Amino acid sequence: AKKEGDLPCYLFSQEMSEQLSYLHEIEESLHLAVREKQFQVHYQPQYSLNTLELVGAEALVRWPRKNRMVPPGEFIPLAEKFGLINQIGEFVFDTAVKQINQWSHCNVALPRVAINTSSTQLLTGNFGAFVEQTLSTNQLAADRIDIEVTESVMMKNIEHNGAGENDTSCLSILQEKGLEISIDDFGTGYSSLSYIKHLNVDRIKIDKSFIDDIEFKPEARSIVKAIINMGHSLGLKVLAEGIETPNQLDILKSLNCDEGQGFLFSKPLDAEKFEMKCLS
Ligand code: C2E
Ligand code: CA
Ligand code: CA
Ligand code: CA
């Protein structure tokens, strides 16, 4: 039988050059998308599990391209690679700040918007200054914005900047200004439990993978219970992401989880649909 290594090499080079030209095409159009601000921001509602009141919305970037929406999982890593992530991050932040202000006249109040950040954004550039400028231009109170930082970025930040008193990072500056900070995808990183007491965060978002298993895997339920209790003993809010079934919701309520989001409540919606469905 032929092994992989036996394939004629022109096959590889053809495949590789196709991949390369695809990457070049994407790079070009991503640059153009940034210049022309082709991105959209969608919003997914977040609720108090106790009262079912709206507590916030997560802003999620979308890229309409050639009759489809490119999911952020596809283009965010490329934007990082091509050095475009800071500009995209600024676009999302600016859009969300203007949007939450526009929604101030709605029947239902939207207390805050949660914004995702990448490591490049927090470790390089002037995101802190941009945030301060944008909030002041739009006269928005800092506590209306929740900055979502993944566990691994949090760890990188500690490696670079130390924790507690010694931390002069962008993140701690944002916190001093009064923005909320949430740890995103909690439970998927490493060694965070020992670090978390040093981090001055407001909220833990339990990763969807645990919520997926919470109904049928006792281990997952134990982990979620432990995260919630630990969070509470440190004075943090705990939010569960990716809630899809009423049963998952019931279990999370019984474990005293504070907040949640997921397809059970709503998928992410464009601004117009979000306003109709969640704010009127
Ligand atoms: P994430 O921050 O963990 O966002 C949650 C993702 O789960 C979103 O996917 C959301 O649509 C999806 N989701 C929410 N509830 C459910 C559910 O009940 N079931 C299922 N199956 N999925 C659910 P999305 O919008 O495709 O975003 C993927 C990732 O892209 C995000 O994961 C985040 O890491 C990144 N991302 C999105 N927007 C931005 C942005 O503006 N900046 C940065 N740096 N990253 C972003
Ligand atoms: Ca997130
Ligand atoms: Ca998440
Ligand atoms: Ca996730």
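Everything below is about the structure printed above this text.
This one's a predicted model, so the numbers in the text were calculated from it and none came from an experiment. (Residues numbered from 1 in each chain as written. Chains lettered and ligands numbered in written order. Predicted model: local features only at pLDDT ≥ 70, side-chain atom pairs only at ≥ 80, totals over all residues. Heavy atoms only, no water.)

A. Layout of the overall build of the chain. In terms of helices and strands, the chain carries 12 helices and 9 strands. Against the 2.2 N^0.38 benchmark of 19 Å for 280 residues, the chain shows a C-alpha radius of gyration of 21 Å, consistent with a compact globule. In the chain, buried positions account for 46% of the 280 residues. For the chain, contacts bridging at least 24 residues in sequence account for 67% of all contacts bridging at least 6. For the chain, the computed accessible surface area is about 14500 Å², with 52% contributed by carbon and sulfur atoms. Here the chain contributes 26 positively and 40 negatively charged side chains, and the mean placements of these two sets differ by 3 Å. (Helix = DSSP H or I, 4+ residues; strand = E, 2+ residues; numbered from the N terminus. Rg over C-alpha atoms; globule rule 2.2 N^0.38 Å. Buried < 20%, exposed > 50% of the residue type's maximum accessible area, 1.4 Å probe, protein only. Contact = heavy atoms within 4.5 Å. Areas by Shrake-Rupley, 256 points an atom, 1.4 Å probe, with all protein chains shown as cover. Lys, Arg positive; Asp, Glu negative; His and termini not counted. Charge placed at Lys NZ, Arg CZ, Asp CG, Glu CD.)

B. Here's a closer look at the site of ligand 1. Taken together, 21 residues form the shell around ligand 1, and within it Q44, R62, D184, E244 and F263 come nearest. D184 is positioned such that a nitrogen or oxygen atom in its side chain is 3.0 Å from an oxygen atom of ligand 1. Between ligand 1 and the protein, one listed contact pairs a nitrogen atom with a side-chain N or O atom of E244 at 2.5 Å. Protein coverage of the free-state accessible area of ligand 1, which is 800 Å², stands at 78%. Here ligand 1 is seated within the largest pocket. Counting residues per element, the ones that place at least two in the shell around ligand 1 are strand 2 (54-65), helix 2 (72-81) and strand 6 (180-186). Take the shell around ligand 1: its biggest share by element is 4 residues, from strand 2. (Near = heavy atom within 4 Å. Polar contact = N/O pair within 3.5 Å; in protein donor to acceptor, adjacent residues only side chain to side chain. 1 Å grid on protein atoms, 1.4 Å probe; cavity = no way out; pocket = protein on both sides within 12 Å on 5 of 7 lines; lining within 4 Å. Sits in = over half its atoms within 2 Å of the grid points.)

C. Highlighting helix 10 (residues 218-233). The end-to-end C-alpha distance of helix 10, which contains 16 residues, comes to 22 Å, matching closely the 22 Å that a straight helix rising 1.5 Å per residue would cover. Listed as buried for helix 10 are A220, V224, I227, I228, M230 and G231. Buried residues in helix 10, looked at end-on, bunch into an arc of 165 degrees, giving them a common side. Opposite its buried face, helix 10 presents the exposed residues P218 and S233, each directed more than 90 degrees away. Where helix 10 ends, the next residue or the one after it, G235, has phi of about 80 degrees, a positive value. (Expected span 1.5 Å × (residues − 1). Arc of directions from axis to C-beta.)

Note that every value here comes from positions in space, so none of it alone points to a role or purpose.
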